[in-house]
Every structure is written in C-alpha cells, then in structure tokens.
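# A structural walkthrough
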Amino acid sequence: MPVTRLSNEGDDPFSVFMKPPPHETDDEKADRLRREADEKRTSDQIDEHLKAERAAMKKRKTDIKLLLLGQSESGKSTTLKNFQLTFAPKAWRAERASWRAVIQFNLIHAVNVILDVLCDEMLSPPGSAGGSNLSAHRSNSRPGSGSWSMEDLDANLSSDDDEPLDNFQSLDAASSDLPPLTFSSTHSLLKLRLAPLRSIEMDLKTFLGAGSEELSPSVGQTSDMVATPFDATYSYNTSSLSRRRTNEFAVRSHAAWKKSLGFYTGTSKGRPQSPNSDMDLDRATGVIAGCKDDIKLLWEDSLIQELLQRRGVKLGDSAEYYFKEIDRIATRQYEPSDNDVLRARLRTLGVQEHKLVFEHYEPGRSRLPTDIASTSADAGSTWCIYDVGGARTSRAAWLPFFDDAQAILFLAPINCFDEQLAEDDRINRLQDSMILWKSIVSSKLLVGTSIVLFLNKFDLLDKKLKSGVKANAYLTNYGDRPNDGQLFAKYLRGKFKQMQKDLSPKPRPFYGFVTTVIDQENTGLTLSYLRDGILREHLKKAVAV
Ligand SMILES: Nc1nc2c(ncn2[C@@H]2O[C@H](COP(=O)(O)OP(=O)(O)OP(=O)(O)O)[C@@H](O)[C@H]2O)c(=O)[nH]1
Ligand SMILES: [Mg+2]
C-alpha cells in the first residue's frame, strides 16, 4: 500500500516531530503544556490573519510563487499534476484527454525497447553476452566508478557530526554464466506483427517534441552540465536577476503538443488532426488497439521477462502499470484516467510556468475530507508554479527564478540509491540529490524562502528493498540496520534534516515528507497541508516586515 508519510509522524506536517519527551517530570509537563497553550494562541491568531490575508491576496491578486526543484525523474511534473487534480479539478478534467498521446507513446516506447532487446538477443551468437548496441536501454543501476564519500565532497558539513555521512558504493555486475535463452517462432511472429508500432512511435515522438526523448549522456550536452544552479558560470546579483530566454532558459507556459490538442478533448467527432504535424492521432490509436493481444503476449511471456531481467533493462517507472492496464488502454475508445495521467512521463525542458487558479470545493467530487478541502476559501486565488527540467543540463536555468519565490518544493527520489544519473553515469542519483539539496538550503539568496522536502518514490523504494536489493551495499553507513523501506526512508530523512540544520545560513524549520506522488489521495492531503503551511509562513514574514 502506498505510504506518504512515516506512520509515526503525526498528521500536521508543520508541527510534527514535536512529541513529548518519553520520561518528562510533572514540572516539565506543566511547562510544556503552558508553552503549547501559548503556541496554540499564536497559531489561532495566525489562522485569523491567514483568513484575512487570503482575502487580501485575492483582492491584490498577489500570486504565491512556488518552485518545484529536484533531479530529473524525481516526480516534479507529477506533483504539479497533483496540485491541479486537487485544487483545480475542473481544469484538470478538461486537460486530461490531451494526455492520451503521451500515454500511448510511453506504452509503445516500452514495447519497442523490449523488441530491440529481443532482436539483439536473437541475433547474438550463442554464448555471447549480446546487447552491444543497446546501452541506452540498460538500467542505470549499473556499476559506476568506485566508492564515494560525502565527506570528500563537502567540507562545509559540521565536523562534530558523530556519524559520518554515507559512503556510496558501486557494485560490480553479476557475471552471466547463465544458459542461453531459446526463442521460438512465436517470438519471431511477435516481432513481425508488432513492427508497425515503430513508425507510430516515431510519429508520436515528432508530435510530442524533445520532451519525449529521455536523457542519456549523448542527449545531454555535457558542456552545459552543472551539478547545482549556483555552478553556472555567468554572474548575477540578487536585485536584478535577468531571465535569459534562450533554449533551456525559455519560460514555457504550455507544451506545444498540449496547445495543439487544446481543441481536442477526446469527445469531438471526426478525425482529430494535430495542426503542427501530419500526425493522425486516430490512426495511432487504431494501430495500438490492433496490436493489443500481441503486446499482452509479449509482456506476459516468461522468456521475455527473464531476458529483461538478465539484461537489466530499464523500461521507465510506469511501463509495468501501462502493460497491466493494456486491456483498457489499447482500445479505440480509450480515455485516460487520473491515475494514467499521473503515470505519464514527458521530460520537462527548461522552466515551465503554470498558473494554478484555485477552484471552488466540489463536495462529492473532491477526494479530500471536507475540513481539509477548504479550497473554497482560496477559490479564485492564483499560484504561479514553476516546473523545471531536473537534468544537469537544465539546472543553470533555475537560478533566475530564485529571487522572488516564496516557496520551494524539493523532490528527492529515494528509490534510486543504487542508480546512476542518466546524463552522467559516473554520478550516483541519491548523491546527486544530496548535493543539490545542500546547495539549496545553504544559499543566502534563498534565506527567506520556505523549503519543503518530498522524499519521493517510497513505493518503488519499498519494492526494491523487498526484492532483495540491500541498501547497505550502496550506502555503507546504513550499516546493520534492517533492510526495510520505512526505516531506510526515516534514516535518509534524518540525513537531509541534518544537512539543512548544518548548512542553512539562518535556522529554519524542517518540513520533510516521505511521499509516493502517484498516490493521488495521500498526495492531495499532503498538498493541502502544504498550501496552508506555505501561506502561513508567507503571512508570518509579511507580518514581520
Ligand atoms: N511509482 C512511482 N512513480 C512515480 C512517482 N513519482 C513520479 N513517478 C513517475 O516517475 C516518472 C517521472 O516523473 P516526472 O514527474 O516526469 O519527473 P520530473 O521530476 O518532472 O522529471 P524531469 O521533467 O525530467 O525533470 C513519471 O512516469 C511518474 O509517473 C512515485 O512516487 N512512484
Ligand atoms: Mg518534469
């Protein structure tokens, strides 16, 4: 079952971890209760101010500016979708159908990756390892270059930290002395019958644009790569950060494909054509529907599964979900569900600006409990959410957006402790998130910005550990602790918290959540708390000025 928070962390994200000490005396208890009563009074006052401020903000049309930051595939765009789903459900429903092409693309891309691997294996001479020209499809949880220590990289961390930060270690791949796989005429037939999906993938790729191309060292321009936004070579000053508008620096309000589908809601009659390409989307849907049974055969074939496992093939986080939903997805009438859209993957390029206009709460339609879904109070107010490309080639483009952001939501995927960055396979992905996190929390430029951390992809972390991958084989400092998802997540949360404490130029509260942002219900709840928390912090600062 997906988990969004560690179970022992209480419900209010902005007062969690404030539990009474285990053995407090009567005097200490009385003191604590007095303190808590004072705090409650202050909190109630803030609530009152909050109400007034919401109304005032609506009048002044002041936007809250929120940045979604984190490495590529950390779940930023998925979190943005959750914002829309939770607070602007009508706009979300209007847009949902336009994701059909992306979902179809994700599905058939995965099919074609499997076919590539199958062809390669069938052509390889018996006894050879095969896969010489398929490195792009390999899992990036392959060995890097030796072990890595956080202490080596950051001299800024406090030296009195009793436990050193983690050593990341890369493991050698298991040697393959396995017997060769023997494929049958069924596999050759499947290859033939699924061949039309190749041209459909190419067409959809052209239609969807560069975001449909996943990163690899050859796609990323290594000369543009920076580990943190502050490593960019150009100079800036905090009062006049100019917004460069070329290439990765462009601010995009909507992806081109969405615009071109703006008129197509999936309910229109006739044959929808995309105005910016010759692509006939109905033809793609027809071909995919015609291939449904063969796609099922391919996915459910035990030899294919064995092959994928042996080769360590990476199909993307959502491929398995789409294969399991094939009966619904590969049809002519297919209309995406909310879950399908949350699973859809299209890489963000540069920085995309989204205006989130809060809608009236719809009883019965919203999944949030009535007391939490106080969206009506915010109805009409607007948040400006910036969703950034997380790859190292995109990070320099973040900097100009730091000067006037009220809040940052930082996503660190915690399932990838054993993986390398797609754009630079020398770098461990968890290590990369920590480097980024340190640069954000230590920035003087961001000293007045509220920062919230999502330790994301808990579901995938849990699955990985349950499948037998050992956390301590990669993070040697994890030691003899149990190889358990909740405990490992809690351990990492502690590390991120410590980094913030050690590096923040001024003390700031730590808001850290363990999340699975494809779980819309729990994520909706977390975002509701977050919205109130951000407004509250914003108000505190406004009152203090
Ligand atoms: N299983 C699972 N999948 C997730 C989770 N969060 C995101 N994903 C999936 O991971 C993929 C990547 O997520 P995105 O939201 O596109 O990642 P991003 O951070 O926007 O990546 P860039 O745009 O490249 O910077 C998508 O297919 C998501 O559906 C999660 O918590 N669990
Ligand atoms: Mg994105």
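Quick caveat, the model's predicted, so the values are computed rather than measured. (Residues numbered from 1 in each chain as written. Chains lettered and ligands numbered in written order. Predicted model: local features only at pLDDT ≥ 70, side-chain atom pairs only at ≥ 80, totals over all residues. Heavy atoms only, no water.)

The next point concerns the pairing of strand β6 (residues 382–388). Within β6, seven of the seven residues are buried, which leaves it mostly tucked inside the rest of the structure. By the alternation rule, side chains of β6 split into Thr382, Cys384, Tyr386 and Val388 and Trp383, Ile385 and Asp387, which are all buried. Pairing of strand β1 (residues 64–70) with β6 involves five bridges; the strand directions are parallel. Across the sheet, residue Ile64 finds its bridge partner in β6, namely Trp383. Summarising the sheet, strand β5 (residues 351–357) and β6 pair through seven bridges and their orientation is antiparallel. Note that in β6 the partner of Gln352 across the bridge is Asp387. (Buried < 20%, exposed > 50% of the residue type's maximum accessible area, 1.4 Å probe, protein only. Helix = DSSP H or I, 4+ residues; strand = E, 2+ residues; numbered from the N terminus. Pairing = 2+ DSSP bridges.)

The next point concerns the site of ligand 1. Lining the immediate surroundings of ligand 1 are 25 residues, of which Ser72, Lys76, Thr78, Arg345 and Gly390 lie closest. In this structure, a nitrogen atom belonging to ligand 1 sits 3.1 Å away from a side-chain N or O atom of Asn456. Going through the elements one at a time, α2 (76–87), α14 (338–343) and α17 (458–466) are the ones with two or more residues in the shell around ligand 1. With three residues, α2 is the single largest residue contributor to the shell around ligand 1. By residue class, the composition of the shell around ligand 1 is five nonpolar, 12 polar and eight charged. (Near = heavy atom within 4 Å. Polar contact = N/O pair within 3.5 Å; in protein donor to acceptor, adjacent residues only side chain to side chain. Nonpolar A, V, L, I, M, F, W, Y, C, P; charged D, E, K, R; others polar.)

Time to look at the coordination of the magnesium ion (ligand 2). All of the protein donors around the magnesium ion (ligand 2) are Ser77 (OG) and Thr348 (OG1); their distances to the metal are 2.1 Å. Separated by 271 residues along the polypeptide, Ser77 in helix α2 and Thr348 in the loop between α14 and β5 bring together distant segments of the chain. (Donors = N, O, S within 2.8 Å, 3.2 Å for Na, K, Ca; no water.)

The full count for this structure, using the stated rule, is 27 salt bridges. The partner of Glu36 in a salt bridge is Arg32, with the nearest N and O atoms 3.0 Å apart. Remark: Arg32 and Glu36 occur in helix α1 (residues 26–60); sequence separation between them is four residues, near one turn of the helix. Given the relative accessible area of 32%, Glu36 is considered partly exposed. Residue Lys464 is joined to Asp418 by a salt bridge in which the shortest nitrogen-to-oxygen separation is 2.5 Å. Pair noted here: Lys464 is in helix α17 and Asp418 is in the loop between β7 (407–413) and α16 (429–441), with a separation of 46 residues, a long-range link. Since its relative accessible area comes to 15%, Lys464 is described here as buried. (Salt bridge = Lys/Arg side-chain N within 4 Å of Asp/Glu carboxyl O.)

Taking the UniProt record as the reference, the feature "binding site: Mg(2+)" (unreviewed entry) is found at Thr348. Sequence-distant contacts of Thr348, defined by excluding residues within four places in its chain, comprise Ser77, Asp387, Val388 and Gly389. A distance of 2.8 Å separates the side chain of Thr348 from the side chain of Ser77, its partner in a polar contact. (UniProt positions renumbered as here; feature names shortened; annotations may be inferred. Contact = heavy atoms within 4.5 Å.)

Attention now moves to the packing of α16 against helix α18 (residues 485–503). Taken N-terminus to C-terminus, the directions of α16 and α18 make an angle of 30°; their axes are 9 Å apart at the nearest point. Considered as vectors, α16 and α18 are oriented roughly parallel to each other. Crossing geometry of α16 relative to α18 is assigned as right-handed. Contact residues: α16 offers Leu430, Ser433, Met434, Trp437, Lys438 and Val441, while α18 offers Leu492, Lys495, Phe496, Met499, Gln500 and Leu503. The residue inventory of the contact of α16 with α18, partitioned by class, reads eight nonpolar, two polar and two charged. (Axes fitted to C-alpha atoms, helices over the stretch in contact; angles between N-to-C directions. Parallel < 35°, antiparallel > 145°, perpendicular 65-115°, else oblique. Left-handed = near helix turned anticlockwise from the far one by under 90°.)

Before going further, it helps to spend a moment on the environment of Ala319. For Ala319, the position within the fold is in helix α12 (residues 319–324). Linking Ala319 and Ala110, residues 209 residues apart in sequence, is a C-alpha distance of 6.3 Å.

It is worth spelling out the confidence of the model for the protein at this point. Averaged over every residue, the pLDDT of the protein is 79; the share at 70 or more is 70%. Long-range and interchain partners of residues 142–150, a stretch whose pLDDT sits below 50, account for 28 contacts in this model, where long-range means more than four residues apart. Here residues 234–251 scores under 50 on pLDDT; set against residues more than four positions off or in separate chains, the count is 39 contacts. (pLDDT = per-residue confidence, 0-100.)

Time to look at the packing of aromatic side chains. The tally for this structure, following the rule as stated, stands at 17 aromatic pairs. Ring centres 5.0 Å apart and planes at 50° place the aromatic pair Tyr386 and Phe401 in the tilted group. Within this pair, whereas Tyr386 is found in strand β6, its partner Phe401 is found in the loop between β6 and β7, the two being separated by 15 residues in sequence. Residue Tyr386 shares its accessibility class with Phe401, and that shared class is buried. Taken together, the ring pairs connect Phe417, Tyr474, Tyr478, Phe488 and Tyr491 into an aromatic cluster. Lying across the ring of Trp99, Lys81 places its NZ or CZ 4.3 Å from the centre. (Phe/Tyr/Trp six-rings, centres within 6.5 Å; stacked < 30°, edge-to-face > 60°. Lys NZ or Arg CZ within 6 Å of the ring centre and 35° of its normal.)

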